[in-house]
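Breakdown of the fold
Residue-level listing of the chains:
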Amino acid sequence: MRCLKVIQGKKKVIFIFFFTVITLQVVFNNPKAQVPSKPYIQVRILETTDLHAKMLGYDYEKGKPTVEYGLEWTASFIKKARNEVPNSVLFDVGDVLVGNALGKYVSNTYLFNWMEMHPVYKVMNLINYDAATVGNHEFNYGLAFLMESLKGANFPYVNANIYIDDQNKYGGDDINFFNPYTIIEKKFTDSSGKTHRLKIGVIGLITPIAAEWDKETFYGKLKIKNMTETAEHFIPIMKEKGADIIVALAHVGLNADKGLKYKKGNSVYSLSKVKGVDAILYGHSHSLFPNKDIHSNLEGINVKAGTIHGIAAVQAGYWGNHLGIIDLYLVKNNGKWVISNSHSMVKPIYRTLKLKKIPMLSPDPTVKKVMEKDHIRVLDSLK
Ligand SMILES: [Zn+2]
């Protein structure tokens, strides 16, 4: 237990900060969320994005721990958010392998030691992700390294718009490089306690700019197609295969194609207009959605509900500094599950009080444990 005294003007306010029991103070369930009157299923969709190999709250450049980022902190928020509701799923939206001394160390050494699993996946497997997609930085260390690394993930990786470059101009015979989508079947409990089997279709998409930034990896081997055209192609197929709801994992910014004719259709804004998309989890631009300071007056955005053109969306910052949460409320209409309403939010892992950064929950000790050996290896490599 730790106490902080904060003096605000003449008023003395004492904040008692229970380090170990602070979990009681953090509640994600939104009391203002309108829940449907008939039996409904609340599906909580959780997002991490742009983790950039920050598994631990540790700054390798400064050589000291930090409370500002690290999946070991976010993991406690994930646990908490899961425990509050009967049904949840967890996804990552890419850029996990590159971004600190850990990422670099693995790329320098593990290629010669195939028996080891990438430490990023030791942690992500522990936390139980349901699916993930690749970000542009996944290609920085080359294709061989990426594919070897992905073998460690015990959850599906999806991307629908990266294709093998077959060097012909005909698009009809193009082959996807990754599985374009996955359909996750789960048993969900409704508000009356009844269980139902629901199918969640998950599609992955990446900004075509990735091919321009990593020319060496892509040129002559892979090509990236338009995001919305790809979604329009695959979503009816996913629906045909029984997907009740469609979640898009989009490694692209909100407005990435604004005013750029040749990039049209490659943004979250454009994706939100694709028929059949129910929720968009996005990343890449290291921003937050919803955020009333940025999004209040933007066209098509309901910042309170966290929707874009009526579609639930979330962006969880970067390095695990926020957890993204979408609560979808589904009701059955004419035999089909439809979204009655939704609520999106981003939860920071710390708050700033009088310039001091105060963590909201304790870090997950199991993450530290699983990272122990690799963390020491990285520190040794920096000596
Ligand atoms: Zn990115």
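Just above, that's the structure.
What comes next concerns the included structure. The shown structure was predicted, so the numbers you read here are calculated from the model rather than taken from an experiment.

Take the coordination of the zinc ion next. Six octahedral donors around a metal ideally subtend angles of 90 or 180 degrees, whereas four tetrahedral donors ideally subtend 109.5 degrees. In this structure, Asp95 (OD), Asn136 (OD1), His251 (NE2) and His284 (ND1) serve as the protein donors to the zinc ion, at separations of 2.1 to 2.2 Å. Because the angles between the four donor atoms bound to the zinc ion fall within 88 to 168°, the donor set is best described as irregular. In the primary structure, the donors to the zinc ion are separated according to the pattern D-x40-N-x114-H-x32-H. Linking Asn136 in the loop between strand E7 (131–132) and helix H4 (143–150) with His284 in the loop between strand E13 (279–282) and strand E14 (288–289), this pair joins segments that are 148 residues apart in sequence.

Moving on, we get to the packing of aromatic side chains. Enumeration over the complete set of coordinates arrives at 13 aromatic pairs. Ring geometry for Tyr318 and Trp319: centres 5.2 Å apart, planes at 85°, overall edge-to-face. On the basis of relative accessibility, which here comes to 26%, the residue Trp319 falls in the partly exposed class. An aromatic cluster is defined as three or more aromatic residues linked by ring pairs; in this entry it consists of Tyr121, Tyr129, Phe155 and Tyr157. When the ring centre of Trp319 is taken as origin, the NZ or CZ atom of Lys54, which lies over that ring, is 3.9 Å away. For the cation-ring pair, Lys225 lies above Tyr163, with the distance from its terminal atom to the ring centre recorded as 4.2 Å.

Further remarks concern the pattern of salt bridges. Per the stated rule, a full pass over the model turns up 15 salt bridges. Measuring nitrogen to oxygen at the nearest pair gives 2.8 Å for the salt bridge that ties Asp327 to Arg44. A residue pair is termed long-range when its members are at least 10 positions apart, and Asp327 in strand E18 (residues 322–333) and Arg44 in strand E3 (residues 41–48) qualify at 283 residues. A salt bridge links Asp374 to Lys122, with the shortest nitrogen-to-oxygen separation between them at 2.6 Å. With a gap of 252 residues between them, Asp374 in helix H10 (residues 365–381) and Lys122 in helix H3 (residues 119–127) connect regions that are remote in the sequence. By the burial criterion, Asp374 is buried, and Lys122 matches it. Sharing partners across several salt bridges, the network here consists of Arg44, Lys80, Glu84 and Asp327.

Analysis parameters
Residues numbered from 1 in each chain as written. Predicted model: local features only at pLDDT ≥ 70, side-chain atom pairs only at ≥ 80, totals over all residues. Heavy atoms only, no water. Donors = N, O, S within 2.8 Å, 3.2 Å for Na, K, Ca; no water. Tetrahedral: all angles 85-135°; square planar, octahedral: opposite > 155°, others 65-115°. Helix = DSSP H or I, 4+ residues; strand = E, 2+ residues; numbered from the N terminus. Phe/Tyr/Trp six-rings, centres within 6.5 Å; stacked < 30°, edge-to-face > 60°. Buried < 20%, exposed > 50% of the residue type's maximum accessible area, 1.4 Å probe, protein only. Lys NZ or Arg CZ within 6 Å of the ring centre and 35° of its normal. Salt bridge = Lys/Arg side-chain N within 4 Å of Asp/Glu carboxyl O.

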